[in-house]
Each structure stands twice: as C-alpha cells, then as structure tokens.
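Given next are the chains, with one letter for each unit.
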Amino acid sequence: SLHGSLRAMTETWLKDIPPDTQAKARFGNPSFRSWHERLVERSDGIIRCILDCHRLHRSEQQQSDADGMLSYPDGVIQHCSEAGYAVATNTVTTDTKRKEDNAVVTELREYLHAAFGHPIRLDYGTGHESSFLVFLLCLCKIGCFGSTQQISSGDSSSSSTATPPVLAPVALSIFSQYLQVTRGLQTDYMLEPAGSHGVWGLDDYHCLPFYFGACQLIQNDGSIPEEQHSPSCIHGNNLLQTKGDMYMYLGCIRYIKSLKKGVPFFESSPMLDDISHISSWTKVSTGLLRLYEGEVLDKRPVVQHFMFGNIFKATWKASQKPREAPTRTFLNGPDGVAPWAQGTPPGNGGAGMMPPTRAPWAK
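This structure is a prediction, so every number in the text was calculated from the model and none was measured.

Rules used in this analysis
- Residues numbered from 1 in each chain as written.
- Predicted model: local features only at pLDDT ≥ 70, side-chain atom pairs only at ≥ 80, totals over all residues.
- Heavy atoms only, no water.
- Helix = DSSP H or I, 4+ residues; strand = E, 2+ residues; numbered from the N terminus.
- Buried < 20%, exposed > 50% of the residue type's maximum accessible area, 1.4 Å probe, protein only.
- Contact = heavy atoms within 4.5 Å.
- Areas by Shrake-Rupley, 256 points an atom, 1.4 Å probe, with all protein chains shown as cover.
- Core = buried A, V, L, I, M, F, W, Y, C linked by side-chain atoms within 4.5 Å.
- Phe/Tyr/Trp six-rings, centres within 6.5 Å; stacked < 30°, edge-to-face > 60°.
- Salt bridge = Lys/Arg side-chain N within 4 Å of Asp/Glu carboxyl O.
- Axes fitted to C-alpha atoms, helices over the stretch in contact; angles between N-to-C directions.
- Left-handed = near helix turned anticlockwise from the far one by under 90°.
- Nonpolar A, V, L, I, M, F, W, Y, C, P; charged D, E, K, R; others polar.
- Disulfide = S-S within 2.5 Å.

J.: Could you give an account of the overall build of the protein chain, with specific residues and numbers?
T.: Regarding its fold elements, the protein chain presents 13 helices and 4 strands. Counting only residues that meet the buried cut, the protein chain has 43% of its 363 residues in that class. A fraction of 67% describes how many contacts in the protein chain between residues 6 or more apart in sequence connect residues 24 or more apart. Total accessible area computed for the protein chain in this model is approximately 20,100 Å², and 54% of it derives from carbon and sulfur atoms.

Right under this line is the structure:
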C-alpha cells in the first residue's frame, strides 16, 4: 500500500502541481508548499490504507523456513499497491474510520509530513530522510512488517520484531520508490540541501540509500562478475547503466554522475571516490553506518526536530554529556576564576572579576 502511494506521488502529484515558473529564488520553489499541503490532506487516508491492508491480508502471509522470507498469494501485493495508489490520488475515500486507529494515525502522520522536506524553509536533507526511516520503524513496531498479529494500539511494548530477511526487501523496495519521489521534489522544486557539506559530503540530500545499497552488495548473487564485485566497480559506467536499477548503491552513483556531467568524479564527489578504494562492501557498509550515526543521529540540529510519542518513545539516555563552560581562565592569571563561575555578580568588585567594558559611544 505504501509503495503504491509513493508511486502516485511520483506519477501524479508533481504533474498536478507544477513548479512556479515566475519564482526568482535560486533554491526553493513556492509551489512545493502546495505539494506539501496535499500530503497533509491525504496522509490520513494513506496511513489508514496501510493499516487496513495489513488487517485484510495478515492471515495470508506465508513465511518460508529456509530463508525467513515472507511470501503472499498472487494478487495480494498488487491489490494493496493499487489501494494505496487510489488513496493517494484521492480517487477513493475511507468512509469508515476505526476509532482505535486514531492515536496511531495521529503519531504516524507527523513522521510522514516531515519526510519530504520543510514547507516553510523549502529545503530537504538527511533529517527529513530520517523521519521517513522513523515512519517505517513505527510501522514495524506496530506489526505491519512480517507479523501476523493484530496491529497494536500504539503501545510499542506489545509490538513484534520483524527479521532482517523481511526488512531487507522492505528497505530496498520502499526506499527505492521513496527516492523517486524525493528526487522529483529536489529537481522540480529546487529544494535547498539542508546541512549539505558540498563536495566534502557524501551527497547533497541523502545518506541512507548508500548504506542500504552497500549492504545489498555484500553478498554477490552472481549478477555481477566476481572480478567487478568490489567498491571500485562504481567507476565502470557500463556496469552502472546495466545494474543501476537492480542495486541501490550503483543507482545512487549513476544519478550523481548524471547531475554532474563533465566533471571528474574525484572532483565532484571526493568522499565517494575515496570510499571506492576500500577493499570490501562489508567495510563500506560499516563505515557508512558510522557516518550516519556521527553526522546525522549525533547532530542536535537534526534530531531536535524528531517527534516522540507512544510508538517512537524518548526512553533513551543521552550518549554524550552536555558541554559545560570552563570554570578557570588565564585572562586574570593562571589561577583566575572565570567570572561566570564566581559567586559574586559581575561588576560588584569581586576578586578576579573583569572590569566592565563600556560601549565606544559612552567613553
């Protein structure tokens, strides 16, 4: 259902709401605000469709004991995708809304609204991408992925955990379609990169697709020749063209090269070029995960926008102690106490106090 809704965003929303050709700004076309308004209007139906599809077909899930993968009878996935597409295009409406879903829908809507960019700042970055990841995490915690249980009311303590073999296809399939939506928004509405490091960053907008793509390439299924199955394979344009749709990492590299034509790759994307010299995809995926933790999850300007509720709870402890101002200063000698660390208020003649500074016009 979610895949179908994302497909509708790509195929219809951008056509229905074209960018404003009269806008003069370098970044941020104001028409994106109308696009985001549609998202807010239809997010309720999109999420309820996801929950309804899970209820309707959860008894039809067939889990394989060999590899842990889930399979469905023919037509189930197509039916759910068409239902999600119809809700997103507003061709059908949900007449009966389950009251027990209201709390879950209210919380999930916040993460979905924040997953495609900011309607005021007209920007998009890894924080918005992380909001979509939190949205998928919440769907997993309430039992939408790989669970035959009834959807919980929003209490994460009653949720079941999906297995990695189930989550891997979800990450690749859903995120691939999500990428098509966000890339369309970035190019059509010229959203400003939020927190971009320029050429010294991994990508102007994204981080997670590179990590998911590197994990996908750890195991070679034989579709890539063994001699080319290394991080350095990104320099082969023929491989990017033939396998870019199959492998997320290669598709990301191909997209970057299509945007930065005529510029040597080591100049336009020096970090990705450095990564290509690593010996294995396992090391690449490990390094990209550390990069995501350090540059996204550990950055207060990013995580301060996260919303917390009954599903995605703020029960964690701070990983770092808050920085404190030093209590000693060398301004008044090696043993001087910083003015803010003294008991006597500044300006009252206390020992070690700095003399008050008068404004130039008051001298």
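So, next bit.
J.: Can you lay out the nonpolar core for me, pointing to particular residues and giving the numbers?
T.: Ranked by size, the top nonpolar core spans 84 residues in total, and within it Trp35, Phe116, Phe132, Phe135, Leu139 and Tyr249 carry the most contacts. Here Phe132 is in contact with Leu2, Leu6, Ala115, Ile174, Phe175 and Tyr178, once residues within four sequence places are set aside.

J.: Run through the packing of aromatic side chains, naming residues and quoting values.
T.: Counted under the stated rule, the structure contains 18 aromatic pairs. Each ring, one from Tyr124 and one from Tyr205, has its centre 6.1 Å from the other, and the planes form 50 degrees; the classification is tilted. A residue pair is termed long-range when its members are at least 10 positions apart, and Tyr124 in strand 3 (residues 123-125) and Tyr205 in the loop between strand 4 (192-194) and helix 7 (208-216) qualify at 81 residues. With a centroid separation of 5.1 Å and 75 degrees between ring planes, the pair formed by Phe175 and Phe212 is classed as edge-to-face. Linking Phe175 in helix 6 (residues 164-188) with Phe212 in helix 7, this pair joins segments that are 37 residues apart in sequence. Judged by its relative accessible area of 1%, Phe175 falls in the buried class. Exposure remark for Phe212: the relative accessible area of 16% places this residue in the buried category. Members of the aromatic cluster, connected to one another through ring pairs, are Trp13, Phe32, Trp35, Phe116, Phe132, Phe135, Phe175, Tyr178, Tyr189, Tyr211 and Phe212.

J.: How would you sum up the pattern of salt bridges? Please name residues and give values.
T.: Per the counting criterion, the structure on display carries 7 salt bridges. Among the ionic pairs, Asp52 bridges to Arg55, the shortest N-O distance being 3.4 Å. Remark: Arg55 and Asp52 occur in helix 2 (residues 31-57); sequence separation between them is 3 residues, near one turn of the helix. With a relative accessible area of 13%, Arg55 lands in the buried category. Through salt bridges with shared partners, one network takes in Asp52, Arg55 and Asp101.

J.: Just give me the short version of the packing of helix 6 against helix 7, but keep the residues and values in it.
T.: At their nearest, the axes of helix 6 and helix 7 sit 11 Å apart, and the two run at 145 degrees to each other. By crossing handedness, the relation of helix 6 to helix 7 is classed as left-handed. From helix 6, Ala171, Leu172, Phe175 and Leu179 reach across to helix 7, where they touch Leu208, Pro209, Phe212 and Gln216. When the residues that make up the contact of helix 6 with helix 7 are grouped by side-chain class, the tally is 7 nonpolar, 1 polar and no charged.

J.: Now, about the state of the cysteines: what can you tell me, with residues and values included?
T.: Overall, the coordinates contain 0 disulfides when judged by the stated rule. The thiol of Cys138 is unpaired, and the distance to the nearest cysteine sulfur, on Cys140, comes to 9.7 Å. On the accessibility criterion, Cys138 (0% relative accessible area) is buried. No disulfide involves Cys140; its sulfur sits 9.0 Å from the nearest other cysteine sulfur, which is in Cys144. By relative accessible area, Cys140 is classed as buried at 10%.

J.: Report on helix 7, specifying residues and quantitative values.
T.: Counting buried residues in helix 7 gives 7 out of 9 residues, a clear majority hidden from the surface. Those residues of helix 7 not exposed but buried are Leu208, Pro209, Phe210, Tyr211, Phe212, Gly213 and Ala214. The secondary structure elements touched by the buried residues of helix 7 are helix 5 (126-141), helix 6, helix 9 (248-259), helix 11 (270-275) and helix 12 (281-297).

J.: Can you lay out unusual backbone geometry for me, pointing to particular residues and giving the numbers?
T.: One non-glycine residue with positive phi stands out, namely Leu122, at about 55 degrees. Mapped onto the elements of the fold, Leu122 is located in the loop between helix 4 (102-113) and strand 3. On the accessibility criterion, Leu122 (8% relative accessible area) is buried. Unusually for a residue other than glycine, Met190 sits at a positive phi of about 50 degrees. Structurally, Met190 is set in the loop between helix 6 and strand 4.

No statement about biological role is implied by the geometric values presented.
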